[in-house]
Amino acid sequence: MTQPPVEGLGGEAEDHLHRLMATWQLIADLSFADLLLFMPAGGERFKIIGQMRPYTARTLYPADLVGEVVQSGWHPFVERAWREERRLRAPQPVFIDAEPVRVETVPVRRRGSVLAVLSVEAAEVPARATGRLEAAYLQAADALLQMVANGTFPFKEAHDLLGSPRVGDGLITLDSGGRVTFASPNATSAFRRMGTNSLPPGQPMPNRVAVLVAESMAGRRPIEADVEEEGAVTDVRIIPLLRSVTERRGALVLCRDVTELRRRERVISRREATIREVHHRVKNNLQTVASLLRLQARRLTDHPMAVDALEESVRRIASIALVHETLTEEPTGSVDMGEVAHRVVRMLEGSLGREQVRIVVEAESVQVGADVATPLSVVLNELVQNALEHGIGSGGGTVAVRLHAAEAGGLELEVVDDGEGPPGDAALEPVEPLARPGAGGLGLRLVRALVEEELGGRFTLTRADGRGSVARAIVPPRQPDHSAVT
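Figured I'd write up the structure that's included with this text. Everything numeric in this text was worked out from a predicted model, so none of it was measured. (Residues numbered from 1 in each chain as written. Predicted model: local features only at pLDDT ≥ 70, side-chain atom pairs only at ≥ 80, totals over all residues. Heavy atoms only, no water.)

Observations concerning the overall build of the protein
Using the following cut-off: Secondary structure elements are taken from DSSP: a helix is a run of H or I of four residues or more, a strand is a run of E of two residues or more, and numbering for both begins at the N terminus. Buried means the residue's accessible area, taken with a 1.4 Å probe over protein chains only, is under 20% of the maximum for its type, while exposed means over 50%, and partly exposed covers the values in between. By definition, residues are in contact when any of their heavy atoms lie within 4.5 Å. Surface accessibility follows the Shrake-Rupley procedure with a 1.4 Å probe radius. Residue values consider only the protein chains on display as shielding.
Scanning the protein from N- to C-terminus turns up 11 helices and 19 strands. The buried share of the protein, reckoned over its 486 residues, is 46%. Taking all contacts inside the protein whose residues are at least 6 apart in sequence as the whole, residues at least 24 apart take part in 61%. For the protein, the accessible surface area stands at approximately 24,400 Å², while carbon and sulfur atoms represent 51% of it.

Written out as structure tokens, the structure is:
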């Protein structure tokens with residue numbers, strides 16, 4: 001999550017606050033509280049620069065408070081925590097909008113300096129016995145808040161905010177020796193699926209997790225890993241709890257059963273590998289066919305028209321092979337049409353051998369599926385050849401290839417040359433497109449069929465205002481195929 005810059009700070013201090021705001025959902029959930037982060041704003045005012053709501057309790061602040069500036073009298077414990085540089089807890093509930101709220105303020109320290117003040121605010125509940133789960137949550141929250149005050153939390157190591165387990169997925173607390181002090185029901189269930197019947201207090205963590213716990217506590221850094229036993233997979237995140245930079249307090253273990261998720265990921269990975277292998281084989285087969293056609297063309301020395309036709313076919317096949325080659329490199333099943341355009345042009349420059357002609361490519365990065373990339377690469381091949389043979393002819397000149405996303409979605413391909421233009425019987429008009437569907441040679445008829453019939457787009461070929469001609473293919477956005485079996 002990208003955070004806005006913190007006013008008045010920079011460098012390491014600002015990074016520390018950003019890391020706190022990237023990881024403090026854990027504190028909000030464990031403390032059942034809203035979190036507000038304050039910084040001095042001049043005079044006796046403080047500005048709210050961050051806000052986090054808990055998933056484990058209702059929020060006290062449905063509105064967004066970030067950016068608001070308040071007087072120190074509105075929140076005296078923030079001012080005192082800043083001035084006295086220590087944790088403060090209101091002895092009595094504070095009334096906010098006529099609701100009693102328990103408030104604790106914590107200085108956010110980094111390398112001995114207080115950067116901001118964290119206010120932990122939760123609705124006061126009627127006096128009742130605290131359950132083991134709630135007590136474990138609050139004790140863990142207290143340990144993390146003390147680390148915030150000491151400057152040892154957050155850690156520099158980043159983690160996946162979306163993929164990492166949360167408090168409600170499963171929580172285990174450990175003492176300084178790595179022994180279990182509490183395990184939530186969800187955590188117990190996750191480990192039972194891996195063959196561990198229970199997580200009794202006073203016992204170390206089982207199997208591979210014990211090694212991860214020791215590594216995390218010894219290195220004083222969080223560790224996240226998948227643990228697989230008996231066909232079940234649990235995502236485990238270990239957070240060391242420190243009394244000081246050198247003294248350990250214990251650790252938190254957040255865990256979530258991800259057996260089904262990992263199974264699906266493996267299935268998807270295998271499918272992607274299979275698809276890439278298919279594209280690789282198709283590319284090789286196409287290259288083999290192109291090689292056979294080249295061999296055939298070399299034998300037809302007495303039939304120049306047949307040689308030209310075979311060479312055109314080779315280039316068309318090579319254009320399609322380039323798309324499949326790109327698909328072998330892309331696990332998403334889509335290709336960057338801009339990259340394909342560059343590859344097609346490089347292939348044409350090498351095969352045509354027209355040194356007096358310069359081909360300029362201006363291609364944006366546009367992601368398209370194979371069903372668009374394949375015919376469009378053939379269209380590009382045909383239009384560039386048409387510009388070289390009929391637009392520029394035997395002389396020199398420039399061919400510009402432009403590919404960009406269209407305003408209404410889809411994409412637009414232009415091939416512009418600065419030659420004399422095709423002869424009059426090519427059915428070009430000064431500003432109008434080809435009038436007859438069958439006008440032009442085989443290449444243009446192929447282009448029209450691919451653009452208009454296969455891609456559902458529009459193709460025009462016009463004379464430029466000065467010299468040369470402009471071929472333009474507009475391809476609409478492709479609708480997803482919901483009938484495909486996944």
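A word on helix α11 (residues 442-454)
The following threshold applies: Throughout, the arc means that of the directions going from the helix axis to the C-beta atoms.
When we look at burial in α11, the residues that qualify are G443, L444, V447, R448, L450 and V451. The buried residues of α11 occupy an angular sector of 165° when the element is viewed end-on, so they sit on one face. Along α11, exposed side chains directed more than 90 degrees from the buried face belong to L442 and E453.

A word on the nonpolar core
The condition that has to hold: Buried Ala, Val, Leu, Ile, Met, Phe, Trp, Tyr and Cys residues that are joined via side-chain atoms within 4.5 Å together make up what is termed a nonpolar core.
In terms of nonpolar packing, the biggest core is built from 44 residues, with L376, L383, V401, L413 and F459 touching the most fellow members. If one sorts the elements of this core by residue count, helix α10 (residues 370-392) sits on top with 11 residues. Contact partners of V401, with chain neighbours within four places excluded, come to V345, I359, V360, V361, E362, L380, V384, L413, E414 and V415. Judged by nonpolar contacts, the second largest core, of 41 residues, contains L30, L37, A116 and L171.

Observations regarding the sheet that holds strand β17 (residues 411-417)
How we decide: The criterion for strand pairing is that DSSP finds at least two bridges linking the strands in question. Helix axes are fitted only over the stretch in contact, all axes being lines through C-alpha atoms; the angle between N-to-C directions runs from 0 to 180 degrees.
One open sheet accounts for five strands, arranged β14-β16-β17-β19-β18; its pairing is mixed. The outermost strands of the open sheet, each flanked by one partner alone, are β14 (357-363) and β18 (458-463). For this sheet the average axis-to-axis angle between neighbouring strands, irrespective of direction, equals 10°. Across the sheet, α11 lies against β18 and β19 (469-475), angled at about 140° from β18, the strand it touches most.

Any functional reading would require information that these geometric values do not contain.
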